[in-house]
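One-letter residues, chain by chain:
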Amino acid sequence: MRIQLDVTESVQNYVADHSLREPEVLRELREFTGAMPERNMQISPEQGQFMRLLLRAVGARRTLEVGVFTGYSLLSTALALPADGVVTACDISDEWAKVALDHCERAGVAGKVDLRIGDARATLATLVAEEGAAGSYDFAFLDADKPGYEQYYEHALTLLRPGGLLVADNVLWSGNVVDDSVQDEDTRALRAFNSKVYADDRVHISMLPYADGLTLAVKR
Ligand SMILES: C[S@@+](CC[C@H](N)C(=O)[O-])C[C@H]1O[C@@H](n2cnc3c(N)ncnc32)[C@H](O)[C@@H]1O
């Protein structure tokens, strides 16, 4: 028998009331982004706090982020990194990334952000092939276009050190991955990505039915 809590709105509110500690700078960024039509792309404050916990638990110094948007996960990461930490952050939109960088500056953590504007496929390939960064990252967060996940995952695995942690967001895609009537490109890409990671013995994994579905993978 499976025991799965029904996460009602009251339970979610209880969780927030008894665990959420959102720094003021993140609250401001969340509210700023909340006025934008694309606001649903932003991770939740609970997920940002979970990422900060993971980063501290693994003692991350060098991290990779694929998919910045206005920077909630980026600012969460920069706040959790030590003073000499660096997050290499990839996005194709300089307009959204500028919002992210502005908020990191306001929070006094912009010095930890190495922002790379362009298709993340090319950025990650450059880190591997031209910058000699393979095996040098402690943590990677995938949250960009879903058809890119398989490529981002391959590059990120190369860039992570053994024992490094990868987190892939949206792996349940509002539950669409289990609905065969949904056959759009993003959903099919996520199904293929989930099958690939499940079969991949280069990593230890756990898929969490949390937020929009998170896969955690530790490189062996
Ligand atoms: C879901 S949002 C990221 C949300 C962000 N992590 C947050 O906490 O608010 C996805 C982002 O991926 C970016 N993106 C889409 N395709 C990309 C690509 N090929 N390379 C780099 N970034 C890409 C989009 O511009 C967008 O900002």
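Residues numbered from 1 in each chain as written. Predicted model: local features only at pLDDT ≥ 70, side-chain atom pairs only at ≥ 80, totals over all residues. Heavy atoms only, no water.

S.K.: Quick one: what's the story with the nonpolar core, residue by residue and with numbers?
M.R.: Leu-74, Cys-104, Phe-139 and Val-167 are the most contacted members of the largest nonpolar core, which totals 28 residues. Of all the elements in the fold, those that place two or more residues in this core are helix H2 (24-34), helix H3 (45-57), helix H4 (72-80), strand S2 (86-91), helix H5 (94-106), strand S4 (137-142), strand S5 (160-169) and strand S7 (214-219). The element that contributes the greatest number of residues to this core is H4, accounting for 5 residues. Judged by nonpolar contacts, the second largest core, of 27 residues, contains Val-66, Ala-140, Ala-144 and Ala-168. (Core = buried A, V, L, I, M, F, W, Y, C linked by side-chain atoms within 4.5 Å. Buried < 20%, exposed > 50% of the residue type's maximum accessible area, 1.4 Å probe, protein only. Helix = DSSP H or I, 4+ residues; strand = E, 2+ residues; numbered from the N terminus.)

S.K.: Which residues make up the packing of aromatic side chains, and what values go with them?
M.R.: Enumeration according to the criterion identifies 4 aromatic pairs in this entry. Note on Phe-69 and Trp-96: the rings are 4.9 Å apart at their centroids and 90 degrees apart in plane angle, and the pair reads as edge-to-face. Pair noted here: Phe-69 is in the loop between strand S1 (62-66) and H4 and Trp-96 is in helix H5, with a separation of 27 residues, a long-range link. When the centroid spacing of 5.2 Å and the interplanar angle of 80 degrees are considered together, the rings of Tyr-149 and Phe-193 count as edge-to-face. One end of the pair, Tyr-149, is in helix H7 (residues 149-159); the other, Phe-193, is in helix H8 (residues 185-198), with 44 residues separating them in the sequence. Put simply, the rings of Tyr-149, Tyr-153 and Phe-193 pair up and form one aromatic cluster. Just above the ring of Tyr-137 sits the side chain of Arg-62; from NZ or CZ to the centre is 4.3 Å. (Phe/Tyr/Trp six-rings, centres within 6.5 Å; stacked < 30°, edge-to-face > 60°. Lys NZ or Arg CZ within 6 Å of the ring centre and 35° of its normal.)

S.K.: Residue-level account of the layout of surface pockets, with values.
M.R.: Size it by volume and the largest pocket reaches roughly 1300 Å³. For the lining of the largest pocket, the secondary structure elements donating two or more residues are helix H1 (9-19), H3, H4, S2 and helix H6 (120-129). Looking at which element gives the most residues to the lining of the largest pocket, the answer is H1, with 6 residues. Among the residues forming the lining of the largest pocket, the class breakdown is 22 nonpolar, 16 polar and 10 charged. Lining the second largest pocket are 13 residues, with Leu-172, Asn-194, Ser-195, Tyr-198 and Met-207 sitting closest to its centre. At the level of secondary structure, the elements contributing two or more residues to the lining of the second largest pocket comprise H8 and strand S6 (203-208). (1 Å grid on protein atoms, 1.4 Å probe; cavity = no way out; pocket = protein on both sides within 12 Å on 5 of 7 lines; lining within 4 Å. Points joined across faces, edges and corners; volume = space filled by probe spheres on them. Nonpolar A, V, L, I, M, F, W, Y, C, P; charged D, E, K, R; others polar.)

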